[in-house]
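Fold and contact review
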Amino acid sequence: MTDRTTIPGSWPRSDRRLPLSELLARWPFLQIAPLLTFLSVVFVLPVGGILVLSLFDAHGALTLENFSRVFKTNLYVSVLVRTIQTAAWATGICLTLGYPVAYALSKANAGVRAAILTSVLVPLWTSFLIRNLSLIIIFGRRGLINVTGLKLSWLDHSIAFLYNWNGVMIGLSSSLLPLAIITMYSVMEGIEPNLEKAASTLGARPSHGFWRGYFPLSLPGVAAGGILIFVSALGFFITPQLLGSPRETMIAQLIIEQVTEVLHWNFAAAISAMLLLATLISFFLFDRVVGMHILTGEEGDQHPSRLNRMLRRGGMKLINGISWITASFGLVAEKLTGRTVKLRQRVSRPILSMVSLAIALFLILPIFCIVPISFSNSLLFGWPPQGFSLRWYTSVLSSPIWVLAFWRSVGIAAITSLMAIAIAIPAALFLVRQKTRAKFLIILLLTIPIFLPHIITAVALFYAYARFGLIGTWVGLIMGHMVFALPYATMSLMAVLKNYNRSLDYAAWTMGASKFKTFRYIMLPIIKPGVYGAFLFAFIQSFDEVTISLFVTGGSFTTLPKQLYQQAVYGASPELAAVSTLLLALILGFMLIANSVGGTSRRV
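Residues numbered from 1 in each chain as written. Predicted model: local features only at pLDDT ≥ 70, side-chain atom pairs only at ≥ 80, totals over all residues. Heavy atoms only, no water.

1. Points about the overall build of the chain
In plain terms, the rule: In DSSP terms, a helix is any run of H or I states spanning at least four residues, a strand is any run of E spanning at least two, and both are numbered starting from the N terminus. Using C-alpha atoms as the atom set, the radius of gyration is obtained and then compared with a globule rule of 2.2 Å times the number of residues to the power 0.38. A 1.4 Å probe rolled over the protein chains alone gives each residue an accessible area, and that area as a share of the maximum for its type sets the label: buried under 20%, exposed over 50%, partly exposed in between. We call two residues contacting when some pair of their heavy atoms lies within 4.5 Å. Accessibility throughout is a Shrake-Rupley quantity obtained with a 1.4 Å probe, and a residue counts as covered only by protein chains that appear here. Positive charge is attributed to Lys and Arg, negative charge to Asp and Glu, and no charge count is given to His or to the chain ends. By convention, charge coordinates are those of NZ in Lys, CZ in Arg, CG in Asp, or CD in Glu.
Of regular secondary structure, the chain possesses 26 helices and zero strands. The globule rule puts the C-alpha radius of gyration for 604 residues at 25 Å, and the 26 Å found for the chain is close to it. C-alpha atoms of the chain, sized along the principal axes, occupy 85 × 70 × 55 Å. Burial status across the chain gives 49% buried among its 604 residues. In the chain, 76% of the contacts between residues at least 6 apart in sequence involve partners at least 24 apart. Accessible surface computed for the chain: about 28900 Å², of which carbon and sulfur atoms make up 66%. On the chain, the mean spot of the 46 positive side-chain charges and the mean spot of the 21 negative ones are 7 Å from each other.

Have a look at this one:
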């Protein structure tokens, strides 16, 4: 690799002075400057502009009328409280269901782990719209459960799973559970696998080994998953719109109504400011209790606060209590059965296996049930599919609206991904290699767009773009998509660069290569699979983005997710099943490519 003859061309000393590479080497902060400038202009300033706009009326006069109107009636406050309660319930359900699956993943052998991970990753990368539509096929009045139950006389009448609070909880759990599992699994994977076995050799019962040894170490993942789910659920509007009733209206739906129907932008800004305040309070409490370093991946504070220490002591007492309660159940079981409970290293525990299998089926089965509906000859969006026909695919592929929306989404996603990669590569190099006190703040700025409810960013961009004529333009939409694609691309490349062997660079420099040529001929070929992977992640993120498209495109044009959402609001049909099936095939294709690229990257 370091042989001079393997590198195209020779490197005379005069070639080493390439202006850009020397400039970046002398002032490395320039590497991160494009990212900081972009996020400051397209994210920070517009979001801050919401607060300013909420303090003015429609005529530009300074007033608090928008906020006082919020508290004049119980409507907006009750909706905000209901939104927080719904998000809290969804968080509790996702953590409760997701923990055993993440635990099973960390203990499973390679084959079982691959099967469970597939059932989690496919829903994670599938559009929220498709997942919510697929739930109608399973839990609807003409869904799989009700039809099968009535046909086999297990049910006297249809059960109303959807279009109520239960429907919203089913939809939110299905949408956010994969995120909870992956977040907790990423922490559990780093826990010493023989920890419980070591505790057992010291005389601890299996329950004590788990609750006192394993569970405390997994809590950072639980905390990180909890805050991500809670904040994400605060901004949800697709699920309550499609699977709930007016009584389950959430705050994001009121914002959309004020912007698109009532056209009261200043009041919508005040409601958005309330949602932003609720989000910031959530992050503040999380930082005080747990610490934001869990989300950014940076080193934590070595001197926790007094509140943090008190919570840790209280939490350990609670865990000890649970440990003794579960241990007493084990003792009773041993006396009744006469068998001693033994620690098992592999996941062969029947209850854990059955729970993991049931949750995996809950996540992935509805998605693939939408495929046979797309071949139905009936107008009804229900189970079972009637007959066999390609009429819905013919309808979609011959429709200029669908075809143009598809190619428009592909074009926007491709441009967004290329621009994101161009900014992300130097930014990732800076964040991995440079040691600066501002690194934590930069990573925090980088990750906030992902964690903040997308509806806030969408409303902020809508107001900002309205001033500069960017509503209904490709430029505006691409910049909006980059707010989310750029963090994903940068963090993905950071993970790749952390494993890059820098001695290769030093060897090239000692042989006379300039920094640019070292990057061009040494580093880039090695990290190329990781760059392709980051491009695919950014592409999928942009291609599937619906919230930004809903606000920024105006009435000028539509994208595929926006078209899918607008038609789903007016009622599900087999035509939507055909579109969903095509999108699902596209996402699976990208996942296979990403997996192939990732395997190549790991081999490198």
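Moving on, there is more to tell.
2. Concerning the packing of aromatic side chains
Think of a pair of aromatic rings as described by two things: how far the centres are apart, and how the planes are tilted against each other in angle. Defined as follows: A pair of aromatic rings is counted whenever rings of Phe, Tyr or Trp (Trp by its six-membered ring) have centres within 6.5 Å, and the orientation is called stacked for planes under 30 degrees apart, edge-to-face for over 60 and tilted otherwise. Two conditions define a charge located above a ring, namely a distance within 6 Å from the ring centre to NZ of Lys or CZ of Arg, and an angle within 35 degrees of the ring normal.
Across all of its chains, the model carries 25 aromatic pairs by this definition. Between Phe29 and Phe430, the aromatic rings sit 5.9 Å apart at their centres with planes inclined by 85°, giving edge-to-face as the arrangement. One end of the pair, Phe29, is in helix 2 (residues 29-53); the other, Phe430, is in helix 18 (residues 400-433), and 401 residues separate them in sequence. With 6.4 Å between their ring centres and 80° between their planes, Tyr99 and Phe210 make a pair best called edge-to-face. Residue Tyr99 is located in helix 4 (residues 74-107), and its partner Phe210 is located in helix 10 (residues 206-234); the two are separated by 111 residues in the primary sequence. Overall, Phe210 belongs to the buried group, its relative accessible area being 15%. Chaining the aromatic ring pairs together yields one cluster made of Tyr99, Tyr103, Phe210, Trp211, Tyr214 and Phe215. Between Arg69 and the ring centre of Phe267, over which it is positioned, the NZ or CZ distance is 3.9 Å.

3. Notes on the confidence of the model for the chain
To keep it simple, the criterion reads: Per-residue confidence from the predictor is reported as pLDDT, which spans 0 to 100.
Averaged over every residue, the pLDDT of the chain is 83; the share at 70 or more is 90%. Low pLDDT, under 50, characterises residues 1-16; the stretch is placed with 25 contacts to residues that sit more than four places away or in other chains.

4. Let's talk about helix 20 (residues 454-468)
We apply this condition: Here, expected helix span is obtained from the residue count minus one, scaled by 1.5 Å.
With 15 residues, helix 20 extends 21 Å from end C-alpha to end C-alpha; this agrees with the ideal 21 Å at 1.5 Å per step. In terms of burial, helix 20 is a largely internal element, 11 of the 15 residues being buried. For helix 20, the full list of buried residues reads Ile455, Ile456, Thr457, Ala458, Val459, Ala460, Leu461, Phe462, Tyr463, Ala464 and Tyr465. Summarising the contacts, the buried residues of helix 20 are in contact with helix 2, helix 12 (251-262), helix 13 (265-289), helix 21 (474-497) and helix 24 (547-552). Phi turns positive one or two residues past the end of helix 20, at Gly469, with a value near 70°.

5. Some words on the environment of Ile587
With respect to the helices, strands and loops of the structure, Ile587 is situated in helix 26 (residues 574-603). With residues near it in sequence (within four places) discarded, Ile587 still touches Trp125 and Ile540.

6. A look at the side chain of Ser119
The residue Ser119 is located in helix 5 (residues 110-125) in this model. Overall, Ser119 belongs to the buried group, its relative accessible area being 6%. Those residues within four positions of Ser119 in sequence are excluded, and the remaining contacts are Ala360, Leu363 and Ile364.

7. Notes on the nonpolar core
Cut-off, in case you're wondering: Buried Ala, Val, Leu, Ile, Met, Phe, Trp, Tyr and Cys residues form a nonpolar core when they are joined through side-chain atoms within 4.5 Å.
Of all hydrophobic cores here, the largest spans 171 residues; its most connected members are Leu35, Tyr99, Ile455, Tyr463 and Phe551. When neighbours within four sequence positions are excluded, Leu35 is seen to be in contact with Ile423, Ala427, Leu446, Leu486 and Thr490.

8. Quick word on the side chain of Ser175
This is how it is decided: Polar contacts here mean pairs of N or O atoms no more than 3.5 Å apart (in protein, one a potential hydrogen donor and the other a potential acceptor; neighbouring residues in sequence count only if both atoms are side-chain atoms).
Secondary-structure assignment places Ser175 in helix 8 (residues 165-188). We classify Ser175 as buried; its relative accessible area is 4%. A polar contact of 2.9 Å, which involves the side chain of Ser175, links it to the backbone oxygen of Gly171. In this view, Ser175 contacts Phe128, Arg131, Asn132, Phe236 and Thr239; residues no more than four positions away in its chain are not counted.

9. Thoughts on the pattern of salt bridges
Two side chains that carry opposite charge are able to pair once their charged atoms sit near each other. Put simply, the rule is: For this document, the term salt bridge refers to a Lys or Arg side-chain nitrogen within 4 Å of an Asp or Glu carboxyl oxygen.
Under the definition given, this model contains two salt bridges. Glu65 is paired through a salt bridge with Lys72; the nearest N and O atoms lie 3.2 Å apart. Classification of Glu65 by relative accessible area gives partly exposed; the value is 38%. Residue classification places Lys72 among the exposed residues on the basis of a relative accessible area of 58%. Its salt-bridge partner being Asp505, residue Arg433 comes within 3.1 Å of it at the nearest N-O pair. Linking Arg433 in helix 18 with Asp505 in helix 22 (residues 503-510), this pair joins segments that are 72 residues apart in sequence.

10. Looking at the packing of helix 5 against helix 16 (residues 350-374)
This is how the line gets drawn: Axis definition: a line fit to C-alpha positions, over the contact stretch in the case of helices; interaxial angles, taken between N-to-C directions, run 0 to 180 degrees. Oblique is the label for any angle not covered by the other classes, which are roughly parallel (under 35 degrees), roughly antiparallel (over 145) and roughly perpendicular (65 to 115). Definitions for this section: a left-handed crossing has its near helix turned counterclockwise from the far helix by less than a right angle. A right-handed crossing has that turn clockwise. Residues were grouped as follows: Ala, Val, Leu, Ile, Met, Phe, Trp, Tyr, Cys and Pro as nonpolar; Asp, Glu, Lys and Arg as charged; and all remaining residues, including Gly, as polar.
Axis separation between helix 5 and helix 16 bottoms out at 9 Å; the angle between their running directions is 50°. Regarding the angle of helix 5 to helix 16, the classification is oblique. Here helix 5 runs over helix 16; the crossing is left-handed. Here helix 5 contributes Thr118, Ser119, Val120, Val122 and Pro123 to the contact with helix 16, which in turn contributes Ala360, Leu363, Ile364, Ile367 and Phe368. Considering only residue class, the contact of helix 5 with helix 16 consists of eight nonpolar, two polar and no charged.

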